[in-house]
Amino acid sequence: MSHDRDIRPRRRRRDKALGRTTARIAAGLQSGAVARVLSRLSTLNIVEGSVRLAAQAFLTALPLLMTVAAFAPGWMQDLLADSLRAVLGISGDTLDELRRVFSATGTPRNTAGAVGAVVTLVSATAFSRALQAVCLRCWRLPRTPIRAAVWRWLLWLVVWLAYLLLQAPLRHGFGAGAVTGMLLSVLSATLLWWWSQHLLLGGRIGWRSLLPGALLAGSGTVLLSLAARVLVPTAMERSLDEFGPLGPVFTFLSWLIAVFLVAVSGLALGEYVASTTWYRTSALGRTLTRAG
């Protein structure tokens, strides 16, 4: 009996200490960095922005891609097909069905010609406009005047097309192997998102401040693409068997939403990192060291 009486007070003290520790952790989460990050992501409506970007990419940018492929020489068409395989890991009937569906939304080469291609390009600026709106929200900046932004939308689309076209050789490290390909993929994706922010924001945010978001978005999308090469082919084959030609389309749209969810989250977190005292101080220190 005396032994039980000795244990009970110790248990109560241990439970109280555990309760105080849990309360401190909960209070820290509610008022600390995690809470601020979650609040920031909630304010930006990253899910809504990601779905909008995926829809614009699906409805406008991908038809542009297929239209460009229709006018491209044979070697470029082969390179584009290899790049799609490198990004998604799909091939065979699934890739053929997916390309056929997207080709139907584009402008056939033998009916509309170059005028249709230009119209498709202009329509595809809805994609770059949506991405610009996301970047502006991340950095809480006002809209850019249309006259100053149109050429930026078009330029971004051209660079995006060139980047997508080079995915196959990039992923293989230009023949140097998978490890080199991985490093080049992360580097190129980071550079793309770094430059994209600078371009679409009109140069209103410095390069150093844009780097964290570019690194997070670039590395996150590349890692997701590696996972997609394992998961997407099986999902597309299953959806093709169950739902016919439209099945892979829905799977592909879901994958686009995931890609932009990772990218937008990276950009938003990058803005948070760039605004911290630690990053500003370290960046300033490096700048002063170089200047000295």
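Residues numbered from 1 in each chain as written. Predicted model: local features only at pLDDT ≥ 70, side-chain atom pairs only at ≥ 80, totals over all residues. Heavy atoms only, no water.

Topic: unusual backbone geometry
Line of reasoning, step 1. Of note, Arg140 is a non-glycine position whose phi angle comes to about 55 degrees, a positive value.
Line of reasoning, step 2. Following the sequence through the fold, Arg140 ends up in the loop between α6 (113–139) and α7 (146–165). (Helix = DSSP H or I, 4+ residues; strand = E, 2+ residues; numbered from the N terminus.)

Notes on the pattern of salt bridges
When the charged atoms of two side chains with opposite charge come close together, those side chains can pair.
Line of reasoning, step 1. Counted under the stated rule, the structure contains two salt bridges.
Line of reasoning, step 2. The shortest N-O distance in the salt bridge between Arg52 and Glu48 comes to 2.7 Å. In this pair, Arg52 and Glu48 both sit in helix α3 (residues 46–71), four residues apart, roughly one turn of the helix.
Line of reasoning, step 3. For Glu271, the salt bridge identified is with Arg140, shortest N-O distance 2.7 Å. (Salt bridge = Lys/Arg side-chain N within 4 Å of Asp/Glu carboxyl O.)

Side note on the environment of Ser188
Line of reasoning, step 1. Relative to the helices and strands, Ser188 resides in helix α9 (residues 178–200).
Line of reasoning, step 2. Here the alpha-carbon distance between Ser188 and Ser219, two residues 31 residues apart in the chain, equals 9.6 Å.
Line of reasoning, step 3. Sequence-distant contacts of Ser188, defined by excluding residues within four places in its chain, comprise Tyr163 and Leu170. (Contact = heavy atoms within 4.5 Å.)

Points about the packing of helix α10 (residues 207–243) against helix α11 (residues 246–275)
Line of reasoning, step 1. For the pair α10 and α11, the least separation of the axes is 8 Å and the interaxial angle reads 165 degrees. Between α10 and α11, the interaxial angle falls into the category roughly antiparallel. The handedness of the crossing between α10 and α11 is right-handed.
Line of reasoning, step 2. Looking at the contact of α10 with α11 residue by residue, the classes come out as 22 nonpolar, nine polar and no charged. (Axes fitted to C-alpha atoms, helices over the stretch in contact; angles between N-to-C directions. Parallel < 35°, antiparallel > 145°, perpendicular 65-115°, else oblique. Left-handed = near helix turned anticlockwise from the far one by under 90°. Nonpolar A, V, L, I, M, F, W, Y, C, P; charged D, E, K, R; others polar.)

With respect to the nonpolar core
Line of reasoning, step 1. Within the largest apolar cluster, 57 residues are counted, with the highest numbers of intra-cluster contacts made by Leu53, Phe127, Trp156, Phe252, Trp255 and Leu256.
Line of reasoning, step 2. Elements supplying a minimum of two residues to this core: α3, α4 (74–88), α6, α7, α9, α10 and α11.
Line of reasoning, step 3. The dominant element in this core, judged by the number of residues it contributes, is α11, at eleven residues.
Line of reasoning, step 4. In this structure Leu256 touches Ala54, Ala57, Phe58 and Leu62, once residues within four positions along its chain are discounted.
Line of reasoning, step 5. The next biggest cluster of nonpolar side chains, apart from the first, holds five residues, and it includes Tyr163, Leu170, Ala189 and Val222. (Core = buried A, V, L, I, M, F, W, Y, C linked by side-chain atoms within 4.5 Å. Buried < 20%, exposed > 50% of the residue type's maximum accessible area, 1.4 Å probe, protein only.)

Considerations on the layout of surface pockets
Any empty space left between the atoms is revealed when a probe the size of a water molecule rolls over them.
Line of reasoning, step 1. Of the voids in this model, the largest pocket is the one considered here, and its volume is about 340 Å³.
Line of reasoning, step 2. In terms of lining, the largest pocket is formed by 15 residues, of which the most central are Arg129, Gln132, Ala133, Leu136 and Arg143.
Line of reasoning, step 3. Of all elements in the fold, only α3, α6 and α7 reach the threshold of two or more residues within the lining of the largest pocket.
Line of reasoning, step 4. Looking at side-chain class alone, the lining of the largest pocket contains eight nonpolar, three polar and four charged residues. (1 Å grid on protein atoms, 1.4 Å probe; cavity = no way out; pocket = protein on both sides within 12 Å on 5 of 7 lines; lining within 4 Å. Points joined across faces, edges and corners; volume = space filled by probe spheres on them.)

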